[in-house]
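# Summary of structural features
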Amino acid sequence: MKGFLDYKPGDTVLHRLDPLTKIFLSVCICAACFLGEEPAFLVFLIGCDLLLGALGGVFDRAVGMFKGLLKLSIFLFVLQLLFVRSGVPLVGQPPFAITDLGVLTGLRLVLRLIGATMPLALLLSVTQMSDLSGVLVQRLHVPYKYAFTLTTAIRFIPVFANALSAIMEAQTARGVAFDTKNPFKKLGLILPLCMPLLISSVSRIHDTAAAAEMRGFTLRTRESQSRRYTFQSGDLVAALIAAALVAAGVLL
Amino acid sequence: MIQFENVTLTYGGAAAVRDLNFTVAPGEFVAVIGANGAGKTTVSKLMNGLLKPTSGRVLLDGVPTTALRTSVLARKIGFLFQNPDRQLCKPTIREEIAFGLALTGRKDAAARTEAVLREFGFDGSRDPFSASRGERQRIALASLIAVEPEVLILDEPTTGLDYRECMAMMARVQSLNAAGTTVVMVCHDMELVLDFARRTLVLKDGTLLLDGETRSVFRNTDVLRRASVLPPQITRLSLRLGDRLQPADTVEEMEAAIRAARQKGVPA
């Protein structure tokens, strides 16, 4: 999932949506995922996520994200099967049985995890961070320094992911077995990397803060913005679809 | 011995390197030069298995890198990255040097660590992250050298170093090479290439334009122009002076050439 939050330039229908509409749409899909109980509805929401990916020209990224989450989901699904004791036993005998409720709970958990994780990441990958902070300041009256902090934190996720990847590469070249197939062993090897990652992260944050101050960051106010954000008809349609999904989540 | 046989590597449909064929023999000092994006780092990462070829083969002592994990290849190939902070991960220099040895399962790790600390003049109890950029690069190099790799790959090893640090680093690399270690150096500093590398590969857009003895490579101005590479200043001066002086690639050679020309009465 390397680079999954990197901005993908384009002029698709999603790129043209107001950043606030995109946030609203992704929050609504997340809410629908947690409100909906029916697995079929949750699968439909995942389908909506993939459709968003296709509409935004980031379908490959959506599929990559889906595959990554699916791997994690298998682990979580098995945990649910093993630990949920209530319900009708399907396989084995109590207290070590796999129950119908265990299967249903596990299925809901993984479908919700996938359905709720994808939309915000996908919509952020078709939104410039400057637009996101701009709309937060202009429309929601969030003080610029907080909007900037939020968008910088989001912007740094792929940067840190790349830094971690580069550190793992360097350590592999030294002989650390990051190229092992065993995920548990790999996880254990990542812990010692906290030190170089922390050092490079703090250094980068320090540089960014210094650069921002040098450019008059502290003087910026809501009135400083040159770009004005206005809702278009597409935003209204997207907002209505988002509201409908939440309503469907409540009903199903 | 490292062999590239028809090696191509593509990223997302675009070729990073194309149809590369060359061999690096044991004990050689080879430089890889070219403009940004020419494929230099890709070539170096193909050598130690960090990247696997899309087609063709990269062989280390006759074994394809696809058959071995990079962490295993690390026992034979040391890789010094441009940014030492990616390699350093321990709270003291002693632990940092011992870490590489522990990874390769060396039984004499403790003694070897102390020997390398003495050799480089490091205080083993110091935090490597509190050292200067040049020192951190030397610590990273020391931790690689401790393992005594057969091949040392250097990716822009002197970036961010001052002249003194650069020369200290390269002197150590040169002595390793003299002792038999194969050195492959990716470098933008042509003066450094001229001073240390005996053979040079010139890359452009992932293809090998030229492979030859370093001095002759720097005199092939047509190929270097195509690769967007400027020869070292002293070579350019020598080339501009043309037939009036003997070819010279060092200050000493240039002085000798000028003296010889004066004796022959060549007009200034």
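Definitions and limits used
- Residues numbered from 1 in each chain as written.
- Chains lettered and ligands numbered in written order.
- Predicted model: local features only at pLDDT ≥ 70, side-chain atom pairs only at ≥ 80, totals over all residues.
- Helix = DSSP H or I, 4+ residues; strand = E, 2+ residues; numbered from the N terminus.
- Buried ≥ 20, exposed ≤ 12 C-beta atoms within 10 Å, placed from the backbone.
- Contact = placed C-beta atoms within 7 Å.
- Pairing = 2+ DSSP bridges.
- Right-handed = clockwise from strand over helix to strand, strands pointing away.
- Axes fitted to C-alpha atoms, helices over the stretch in contact; angles between N-to-C directions.
- Parallel < 35°, antiparallel > 145°, perpendicular 65-115°, else oblique.
- Left-handed = near helix turned anticlockwise from the far one by under 90°.
- Nonpolar A, V, L, I, M, F, W, Y, C, P; charged D, E, K, R; others polar.
- Domains from an automatic or database assignment.
- Core = buried A, V, L, I, M, F, W, Y, C linked by C-beta atoms within 7 Å.
- pLDDT = per-residue confidence, 0-100.

### Topic: the overall build of chain B
From N to C terminus, chain B includes 11 helices and 10 strands. Seen along its three principal axes, the alpha-carbon backbone of chain B occupies a region of about 65 × 45 × 30 Å. Buried residues in chain B amount to 41% of all 268 residues. Across chain B, contacts joining residues at least 24 apart in sequence account for 60% of those joining residues at least 6 apart.

### A few points about the overall build of chain A
Within chain A, the regular secondary structure consists of 10 helices and 2 strands. C-alpha atoms of chain A, sized along the principal axes, occupy 70 × 55 × 30 Å. The burial tally for chain A puts 27% of its 252 residues in the buried class. When contacts within chain A are restricted to residue pairs at least 6 apart in sequence, long-range pairs at least 24 apart make up 74% of them.

### Re the pairing of strand β8 (residues 182–186) of chain B
Residues and elements named next belong to chain B. Burial analysis of β8 places 5 of its 5 residues in the buried class, which makes it a mostly covered element. Here β8 shows a buried face lined by Thr182, Val184 and Val186 and a second buried face lined by Val183 and Met185. Bridging between strand β7 (residues 151–155) and β8 involves 5 bridges; their strand directions are parallel. Of the residues in β8, the one forming a bridge with Val151 is Thr182. For the crossover that starts at β7, traverses helix α6 (residues 163–178) and ends in the parallel β8, the hand is right-handed.

### A closer look at the packing of helix α3 (residues 93–103) of chain B against helix α4 (residues 109–120) of chain B
Between two packed helices, both the angle of their axes relative to each other and the distance between the axes serve to describe the pair. Residues and elements named next belong to chain B. Running from N to C, α3 and α4 point in directions that differ by 135 degrees, and their axes come no closer than 9 Å. Relative to α4, the element α3 lies oblique. The two elements α3 and α4 cross, and the hand of that crossing is right-handed. Contacts from Arg94, Ile97, Ala98, Leu101 and Ala102 of α3 reach α4 at Ala109, Arg112, Thr113, Val116 and Leu117. Here the contact of α3 with α4 is built from residues that sort into 7 nonpolar, 1 polar and 2 charged.

### Some thoughts on the domain arrangement of chain B
Residue and element names in this part refer to chain B. The domain boundaries assigned to chain B delineate domain 1 (1–76 + 149–229), domain 2 (85–147) and domain 3 (232–268). Domain 1 and domain 3 are separated by 31 Å when their C-alpha centres are compared. Contact residues are listed per partner, giving 7 residues for domain 1 and 4 residues for domain 3. Where the side of domain 1 that touches domain 3 is concerned, the elements lending two or more residues are α7 (190–196) and α8 (214–218). Tallying contributions element by element places α7 first for the side of domain 1 that touches domain 3, with 3 residues. Considered class by class, the residues forming the side of domain 1 that touches domain 3 number 3 nonpolar, 1 polar and 3 charged.

### A short note on the interface of chain B and chain A
With 18 residues of chain B at the contact, the number on the chain A side is 19 residues. Within the residue set of the side of chain B that touches chain A, elements represented by two or more residues are α2 (70–73) and α3 of chain B. Its residues placed into classes, the side of chain B that touches chain A shows 8 nonpolar, 6 polar and 4 charged.

### Observations concerning the pairing of strand β4 (residues 55–60) of chain B
All names here are of chain B. Pairing analysis gives 5 bridges linking strand β1 (residues 2–11) to β4, with the strands arranged antiparallel. In the strand pairing of β4, Glu5 is matched with Arg57. With 2 bridges joining them, β4 and strand β5 (residues 63–64) adopt antiparallel strand pairing. Its bridge partner being in β5, Leu59 is matched across the sheet by Pro64. Linking β4 back to β5 in an antiparallel pair, the connection comprises 2 residues, with Asp61 at a positive phi of about 50 degrees.

### Notes on the domain arrangement of chain A
All names here are of chain A. With domains assigned, chain A is organised as domain 1 (1–127 + 229–252) and domain 2 (140–228). The C-alpha centroid of domain 2 is placed 26 Å from the C-alpha centroid of domain 1. Between domain 1 and domain 2, the contact holds 7 residues from the first and 7 residues from the second. Its residues assigned to classes, the side of domain 1 that touches domain 2 shows 3 nonpolar, 2 polar and 2 charged.

### Thoughts on unusual backbone geometry
Glycine aside, residues mostly have negative phi, and peptide bonds are mostly found in the trans state. Of note, His141 of chain A is a non-glycine position whose phi angle comes to about 60 degrees, a positive value. On the secondary structure map, His141 of chain A appears in the loop between α6 (129–138) and α7 (144–174). Of note, the phi angle at Ser228 of chain B is positive, near 55 degrees, even though the residue is not glycine.

### Focus on the nonpolar core
In terms of nonpolar packing, the biggest core is built from 74 residues, with Val32, Ile153, Val184, Val202 and Leu203 of chain B touching the most fellow members. For this core, the leading source of residues is helix α5 (residues 133–145) of chain B, giving 6 residues. In this structure, Ile29, Leu45, Met118 and Ala242 of chain A belong to the second largest nonpolar core, which totals 29 residues.

### Observations concerning the sheet that holds β8 of chain B
Residues and elements named next belong to chain B. A sheet is described by the order of its strands in space; here 6 strands give the open sequence β6-β7-β8-β3-β9-β10, paired in mixed fashion. Strands with a single pairing partner mark the edges of an open sheet, and in this sheet they are β6 (77–80) and β10 (207–213). Taking the axes of each pair of neighbouring strands and ignoring which way they run, one obtains an average angle of 15 degrees across the sheet. Each of β3 (29–33), β7 and β8 is contacted by α6, which is oriented at about 155 degrees to β7, the strand it contacts most.

### What about the confidence of the model for chain A?
Put simply, chain A has an average pLDDT of 87, and 98% of its residues get 70 or more. Per-element mean pLDDT across chain A ranges from 77 in helix α8 (residues 183–190) of chain A up to 94 in helix α3 (residues 39–55) of chain A.

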